[in-house]
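Residue-level listing of the chains:
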Amino acid sequence: MNLQPTLANTLNQLFGQTIEIAIGNNLIEAVVSFAGNEILAVVELGTGGYGYGTNNLTTYVALSAVDFIRIL
């Protein structure tokens, strides 16, 4: 059973919400931007680089690579 479309629909309902995503050894705190059937686009939080300001770094993640998602 392919749950990716159901996950994408749920994530699209969380548009603008902060989530935590685990991918392998990485943990990303980000805001949901877009979710498709195979991909999730998020804007990472705290990516200012060396503590100077903030950048809006958009990250694209394959839904098949996600280990877990936590809504913050």
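Here the structure is shown first, and the text comes after it.
Since this is a predicted model, take the numbers as computed values, not measurements. (Residues numbered from 1 in each chain as written. Predicted model: local features only at pLDDT ≥ 70, side-chain atom pairs only at ≥ 80, totals over all residues. Heavy atoms only, no water.)

S.K.: Break down the pairing of strand 3 (residues 39-44) for me, with residues and values.
M.R.: Relative to strand 3, strand 2 (residues 26-35) runs antiparallel, the two being bridged by five bridges. Counterpart to Phe34 in the pairing with strand 3 is Ala41. The antiparallel pairing of strand 2 with strand 3 creates a hairpin that spans three residues between the two strands. (Pairing = 2+ DSSP bridges. Helix = DSSP H or I, 4+ residues; strand = E, 2+ residues; numbered from the N terminus.)

S.K.: Got a sec to walk through a nonpolar patch on the surface? Specific residues and values, please.
M.R.: Where nonpolar side chains cluster on the molecular surface, the patch consists of Phe34, Ile39 and Tyr60 and spans about 330 Å² of accessible area. With respect to the helices and strands, Tyr60 occurs in strand 4 (residues 57-62). (Patch = residues over 30% accessible without salt bridge, like charges linked within 9 Å, V, L, I, M, F, W, Y side chains within 5 Å. Areas by Shrake-Rupley, 256 points an atom, 1.4 Å probe, with all protein chains shown as cover. Salt bridge = Lys/Arg side-chain N within 4 Å of Asp/Glu carboxyl O.)

S.K.: Quick rundown of the nonpolar core? Include the residues and the values.
M.R.: Counting 15 residues, the largest nonpolar core has Leu11, Ile19, Ile21, Leu40 and Val42 as the members making the most contacts within it. Of all the secondary-structure elements, those providing two or more residues to this core are helix 1 (4-13), strand 1 (18-23), strand 2 and strand 3. The greatest single-element share of this core, amounting to four residues, is contributed by strand 2. When sequence neighbours within four positions are dropped, the list of residues in contact with Ile21 reads Asn26, Leu27, Ile28, Leu40, Val42, Val66, Phe68 and Ile69. (Core = buried A, V, L, I, M, F, W, Y, C linked by side-chain atoms within 4.5 Å. Buried < 20%, exposed > 50% of the residue type's maximum accessible area, 1.4 Å probe, protein only. Contact = heavy atoms within 4.5 Å.)

S.K.: Which residues make up the pattern of salt bridges, and what are the values?
M.R.: Across all of its chains, the model carries one salt bridge by this definition. Between Glu20 and Arg70 there is a salt bridge, and its shortest N-O distance comes to 2.9 Å. Taken together, the residues span a long stretch of sequence, with Glu20 in strand 1 and Arg70 in strand 5 (residues 68-71) at a distance of 50 residues.

S.K.: Before we move on, could you go through the sheet that holds strand 3 and cite the residues and values that matter?
M.R.: As summarised here, the arrangement of the five strands in space is 4-3-2-1-5, forming an open sheet in which the pairing is antiparallel. Each of the sheet's edge strands pairs with one partner strand only, and the pair in question is strand 4 and strand 5. Averaged over neighbouring strand pairs, the angle between their axes works out to 45° when direction is ignored. (Axes fitted to C-alpha atoms, helices over the stretch in contact; angles between N-to-C directions.)

S.K.: Please set out the pairing of strand 1 residue by residue, giving values where relevant.
M.R.: With five of six residues buried, strand 1 is to be regarded as a mostly interior element. In terms of strand pairing, strand 1 meets strand 2 through six bridges, oriented antiparallel. Across the sheet, the residue bridging to Ile19 is Ala30, located in strand 2. Hairpin connection from strand 1 to strand 2: two residues lie between these consecutive antiparallel strands, with Gly24 at a positive phi of about 60°.

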